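These are the residues of each chain, in order.
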Amino acid sequence: MASTPNSWSKALKTLHWLIAFFILFAWASVELHEFYEKGDPMRGWWMVVHFSLGFSVLFLGLFRLYWRATHGRPTLYGSGLQKPVSLLVQSLMYIIMIGMPLSGLMMRQFAGRDTPLFWLFDLPSFVAKNTDLAKQLAFIHKEFLWNALLVLLVLHIGGALWHHFVTKDNTLRQMLPFVKTK
């Protein structure tokens, strides 16, 4: 079992913000691809960006879970329901951080489509084509998980701002990059 550090490690801060930016850019890339007609190379280019960022979020999310398990986490601030709600929101965010890329990948797999990653290689389809299952996975990926992520992000950011402005503790400062905490 990992010990309890006094603050978030540089590695976890870096992973936190890298994953946050990758999620933001994955969303932006899928939105930007809509500006191009089907068949336009730029539409495909933006989707490769989306797939590559999603794969990166999956990899970094799994690595972050491993790092947290082996290096611990700082003590949580808060009283009453704050700690259990914080743990629930964080746990659900981890599930979505891993579930969204997996559901997107499986959606493409069951649609019988290869997934190009980083313009270096295509992850081939390795399951039998099943368009009904692909449509269900598309709903889970695009509607359910995306909307759940938005709700959790509002709760996560709201909680950080609550700690900073209302309870005036060190929670937000601990996660900001390049900020030294007490």
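Residues numbered from 1 in each chain as written. Predicted model: local features only at pLDDT ≥ 70, side-chain atom pairs only at ≥ 80, totals over all residues. Heavy atoms only, no water.

Quick look at the environment of Gln82 now. By the element assignment, Gln82 lies in helix H3 (residues 82-110). Of the residues examined, Gln82 reaches a relative accessible area of 24% and is grouped as partly exposed. In this structure, the C-alpha to C-alpha distance between Gln82 and His163, residues 81 residues apart in sequence, is 9.9 Å. Excluding residues within four positions of it along the chain, Gln82 makes contact with Tyr77, Trp162, His163 and Thr167. (Helix = DSSP H or I, 4+ residues; strand = E, 2+ residues; numbered from the N terminus. Buried < 20%, exposed > 50% of the residue type's maximum accessible area, 1.4 Å probe, protein only. Contact = heavy atoms within 4.5 Å.)

Trp8, Leu12, Leu15, Ile19, Val57, Leu60, Tyr94, Met97 and Met175 form the largest nonpolar core, which has 9 residues in total. For this core, the elements supplying multiple residues, two or more each, are helix H1 (10-32), helix H2 (41-71) and H3. The leading source of residues in this core is H1, at 3 residues. Among residues more than four places away in sequence, those in contact with Tyr94 are Gly61, Arg64, Leu65 and Arg68. Counting residues in hydrophobic clusters, the runner-up holds 7 residues, among them Met93, Ile96, Leu145 and Leu152. (Core = buried A, V, L, I, M, F, W, Y, C linked by side-chain atoms within 4.5 Å.)

Here we come to unusual backbone geometry. Peptide bonds are trans in most cases, and residues, glycine excluded, mostly fall at negative phi. Phi is positive for Phe118, which is not a glycine, with a value near 60°. Within the secondary structure, Phe118 sits in the loop between strand S1 (115-117) and strand S2 (121-123). For Lys168, which is not glycine, the phi dihedral falls at a positive 55°. As for its position among the elements, Lys168 is in the loop between helix H4 (131-165) and helix H5 (171-175).

As a further point, take the side chain of Gln90. By secondary structure assignment, the location of Gln90 is in helix H3. Ignoring sequence-local partners within four residues, the contact set of Gln90 consists of Arg68, Arg73 and Leu76.

A pair of packed helices is characterised by two quantities: the angle between their axes and the separation of those axes. Close contact between H2 and H3 brings their axes to 9 Å; oriented N to C, the two are set at 140°. For the element pair H2 and H3, the recorded crossing hand is left-handed. Residues Phe51, Gly54, Val57, Leu58, Gly61, Leu62, Arg64, Leu65 and Arg68 of H2 lie in contact with H3, whose contacting residues are Gln90, Tyr94, Met97, Ile98, Pro101, Leu102 and Arg108. Residues belonging to the contact of H2 with H3 are distributed by class as follows: 10 nonpolar, 3 polar and 3 charged. (Axes fitted to C-alpha atoms, helices over the stretch in contact; angles between N-to-C directions. Left-handed = near helix turned anticlockwise from the far one by under 90°. Nonpolar A, V, L, I, M, F, W, Y, C, P; charged D, E, K, R; others polar.)

Moving on, we get to the packing of H1 against H2. Axis separation between H1 and H2 bottoms out at 9 Å; the angle between their running directions is 155°. Overall, the two elements H1 and H2 adopt an arrangement that is roughly antiparallel. Our pair here, H1 against H2, has a crossing hand that is left-handed. Across the contact of H1 with H2, the residue classes break down as 19 nonpolar, 5 polar and 2 charged. (Parallel < 35°, antiparallel > 145°, perpendicular 65-115°, else oblique.)

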